[in-house]
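The chain contents come next:
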Amino acid sequence: AQSVGTVSASAANANLLVAMSLSQEAPLNFGSSLLANTAGGTVILPSNSTTRGYTGGVANSAATPIPTIAAYNVNGTGLETYVLVLPSLTTVSHTSISSGINTMDITAMTARFNGEDADATTSTLAANGTDSFTLGGTLTVQENQIGGQYSGTFQVSVDYN
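Presented here is a report on the structure given in the accompanying data block.

Parameters at a glance
Residues numbered from 1 in each chain as written. Predicted model: local features only at pLDDT ≥ 70, side-chain atom pairs only at ≥ 80, totals over all residues. Heavy atoms only, no water. Helix = DSSP H or I, 4+ residues; strand = E, 2+ residues; numbered from the N terminus. Buried < 20%, exposed > 50% of the residue type's maximum accessible area, 1.4 Å probe, protein only. Contact = heavy atoms within 4.5 Å. Areas by Shrake-Rupley, 256 points an atom, 1.4 Å probe, with all protein chains shown as cover. Phe/Tyr/Trp six-rings, centres within 6.5 Å; stacked < 30°, edge-to-face > 60°. 1 Å grid on protein atoms, 1.4 Å probe; cavity = no way out; pocket = protein on both sides within 12 Å on 5 of 7 lines; lining within 4 Å. Points joined across faces, edges and corners; volume = space filled by probe spheres on them. Pairing = 2+ DSSP bridges. Axes fitted to C-alpha atoms, helices over the stretch in contact; angles between N-to-C directions.

**Looking at the overall build of the protein chain**
For step 1, the next point in the chain: If you tally the helices and strands in the protein chain, you get zero helices and 13 strands.
For step 2, the next point in the chain: Walking the protein chain from its N terminus toward its C terminus, one meets helices and strands in the order β-β-β-β-β-β-β-β-β-β-β-β-β.
For step 3, the next point in the chain: Its C-alpha atoms put the protein chain at 95 × 30 × 25 Å along the principal axes.
For step 4, the next point in the chain: The proportion of buried residues among the 161 residues of the protein chain is 34%.
For step 5, the next point in the chain: Here the contacts in the protein chain between residues at least 6 apart in sequence split such that 71% fall between residues at least 24 apart.
For step 6, the next point in the chain: When the accessible surface of the protein chain is totalled, it reaches about 9400 Å², and 50% of it is carbon and sulfur.

**Observations regarding the packing of aromatic side chains**
For step 1, the next point in the chain: Within the structure shown, the criterion is met by three aromatic pairs.
For step 2, the next point in the chain: Considering the side-chain rings of tyrosine 72 and phenylalanine 133, the 5.0 Å spacing of their centres and the 20 degrees angle between planes classify their relative orientation as stacked. Taken as a pair, tyrosine 72 in strand S6 (residues 70-75) and phenylalanine 133 in strand S11 (residues 130-141) lie far apart in primary sequence, 61 residues in all. For the pair tyrosine 72 and phenylalanine 133, one class covers both residues: buried.

**Structural notes on the layout of surface pockets**
For step 1, the next point in the chain: By volume, the largest pocket is sized at about 650 Å³.
For step 2, the next point in the chain: Put simply, the parts of the chain that give the lining of the largest pocket at least two residues each are strand S2 (33-35), strand S8 (90-94), strand S9 (103-113), S11 and strand S12 (150-151).

**Focus: the sheet that holds strand S10 (residues 122-124)**
In any sheet, the strands associate via hydrogen bonds between backbone groups, in a parallel or an antiparallel arrangement.
For step 1, the next point in the chain: One open sheet holds the three strands; their spatial order is S10-S7-S13, and the pairing between them is antiparallel. The open sheet terminates on both sides in strands that have one partner only, identified here as S10 and strand S13 (157-160). Across the sheet, the mean angle from the axis of one strand to that of its neighbour is 30 degrees, orientation sign disregarded.
For step 2, the next point in the chain: Across four bridges, strand S7 (residues 81-85) lies against S13 in antiparallel orientation. Pairing of tyrosine 82 across the sheet is with tyrosine 160, part of S13.

So, in structure tokens, the structure goes:
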């Protein structure tokens, strides 16, 4: 009689992921806009175009710099899904005047992944482990905003889903 039973099973698995990397190819730049009056307003830069929309007392200007949507490249393990985390608020400050209405907020950031028709925050890496996306957002110009150059930084991150 047999006193010990054995079973062969393949119940051990592992999945190794390559550390993700993210590189910026172009900065987010709302370009030059005209303060048509002191009312304030918004400059809307979509994630897939440099054609800006305006509200309130802000209007289009052809002066330089011209607008650019931010562009990024992503690398990691092929065919894996990942999530993009965007800031909910970014503040830019006047580069030379430190008083008065000298800050503006960027909100409603949106991302468009390579080849997609709609904004999203998740994507899947190609078989070779690459992907790319572009960013836009809404710049809020306050009432009595000081004219001039504004600058700031924001953080974008990616991680496997």
